[in-house]
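An overview of the molecular structure
Each chain is listed here by its residues.
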Amino acid sequence: MLRDEGPLVPLAGCTDVYVNLNFGTLPQKRFLNLWRLDELRRIQAREGVLRIGALATYTRMIRSALVRNWLPILAAASREVGGAQIQNRGTLGGNIANASPAGDTLPVLAVAEAIVVLQSAGERRRVPFNSFYTGYRKSVARQDELIVAVEVPSVPGRQWFRKVGTRAAQAISKVVMAAVRAPRPRIAVGSVAPTVIRLRQTEAALAAGGSVEEARETLSREIQPIDDIRSTAEYRRRVCENLLEEFWRQTA
Ligand SMILES: Cc1cc2nc3c(=O)[nH]c(=O)nc-3n(C[C@H](O)[C@H](O)[C@H](O)COP(=O)(O)OP(=O)(O)OC[C@H]3O[C@@H](n4cnc5c(N)ncnc54)[C@H](O)[C@@H]3O)c2cc1C
């Protein structure tokens, strides 16, 4: 249908789509409902890869022993999304496709070095999550493709996640960070740039044995936060530096 009758807007849990419809910011009026495709809900581990179907909801990921063992920070991020109602409807694929720089699962997928599996009528392709976004709300996914799954290789090291919002539930992130403590640390942040970003220079500074103070300075040069309705650039910068320090201290 995407190939022959498109363009169509895929519908998963609709938690983002309904907001856009209500605000009148969604010009398209033709949809493709994915909700009943149970095949896209599966979570399974095979040959050293955790595969999470695009329609897996936050509730499903929180309840999944596989997710909790393999990628506990994905379960942690899922627990912080919206409230119970949003967790029951919102999906991992929807969070990725919506492409908000504040999406809570995105820094997790960035440090997990996940692969996004895209499927069209003619082909299936695998795109590294860290090259999936090309700019603000832009990605390499085409209109005739669905996100069908995310593949996560095993993640070596100690995982860490923290979201900072206005309150514990129903709040979009002001800053969200996921990290892995390993000889080569991995750190990703949301809400401080047009897309979620890996802090490659900060990671390199820490891997080389630099102090947290030096890493804070490097981080400050790497991010480009802005003032918007949720926060100020200055607040985001300070919080981001503090989160880095907290990550490093708590995983020592
Ligand atoms: C009250 C409220 C609170 C929220 N809180 C948070 C929060 O704390 N953190 C957070 O990150 N987000 C939050 N959100 C945003 C939203 O819930 C998430 O982004 C959610 O994961 C979207 O998933 P969905 O299945 O509902 O997507 P949908 O709304 O169905 O779709 C979103 C977009 O993705 C596309 N799409 C969906 N699935 C696919 C697919 N498989 N392939 C290709 N394209 C697809 C759709 O066409 C659409 O453009 C909140 C939303 C609301 C309304």
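Below you will find a few notes about this structure.

Reading guide: rules and limits
- Residues numbered from 1 in each chain as written.
- Predicted model: local features only at pLDDT ≥ 70, side-chain atom pairs only at ≥ 80, totals over all residues.
- Heavy atoms only, no water.
- Pairing = 2+ DSSP bridges.
- Helix = DSSP H or I, 4+ residues; strand = E, 2+ residues; numbered from the N terminus.
- Axes fitted to C-alpha atoms, helices over the stretch in contact; angles between N-to-C directions.
- Salt bridge = Lys/Arg side-chain N within 4 Å of Asp/Glu carboxyl O.
- Buried < 20%, exposed > 50% of the residue type's maximum accessible area, 1.4 Å probe, protein only.
- Near = heavy atom within 4 Å.
- Polar contact = N/O pair within 3.5 Å; in protein donor to acceptor, adjacent residues only side chain to side chain.
- Areas by Shrake-Rupley, 256 points an atom, 1.4 Å probe, with all protein chains shown as cover.

**Some remarks on the sheet that holds strand β5 (residues 115-119)**
- Strand order across the open sheet formed by 5 strands is β3-β4-β9-β5-β6, with antiparallel pairing between neighbours. Edge positions in the open sheet fall to β3 (43-46) and β6 (124-128), since each of these has one partner strand only. Each neighbouring strand pair of the sheet contributes to a mean axis angle of 25°, computed without reference to strand direction.
- Relative to β6, β5 is paired through 5 bridges, and the arrangement is antiparallel. The partner of V116 across the bridge, within β6, is V127.

**Examining the pattern of salt bridges**
- Scanning the entire structure with this criterion turns up 16 salt bridges.
- A salt bridge links E123 to R142; the nearest nitrogen and oxygen atoms lie 3.3 Å apart. Of this pair, E123 sits in the loop between β5 and β6 while R142 sits in the loop between β8 (138-139) and β9 (146-153), placing them 19 residues apart in sequence.
- Judged by relative accessible area, R142 falls into the partly exposed class, the value being 35%.
- Among the ionic pairs, R142 bridges to E145, the shortest N-O distance being 3.7 Å.

**Quick notes on the site of the ligand**
- P10, T15, D16, Y58 and T91 are the nearest of the 32 residues found near the ligand.
- Measuring from an oxygen atom of the ligand, one finds a backbone N or O atom of A171 at 3.5 Å.
- Protein contact buries 87% of the 980 Å² of open area that the ligand shows by itself.
- Going through the elements one at a time, β1 (9-11), α2 (17-23), α6 (84-89), α7 (92-98) and β9 are the ones with two or more residues in the shell around the ligand.
- Ranked by residues supplied to the shell around the ligand, first place goes to α7 with 4 residues.

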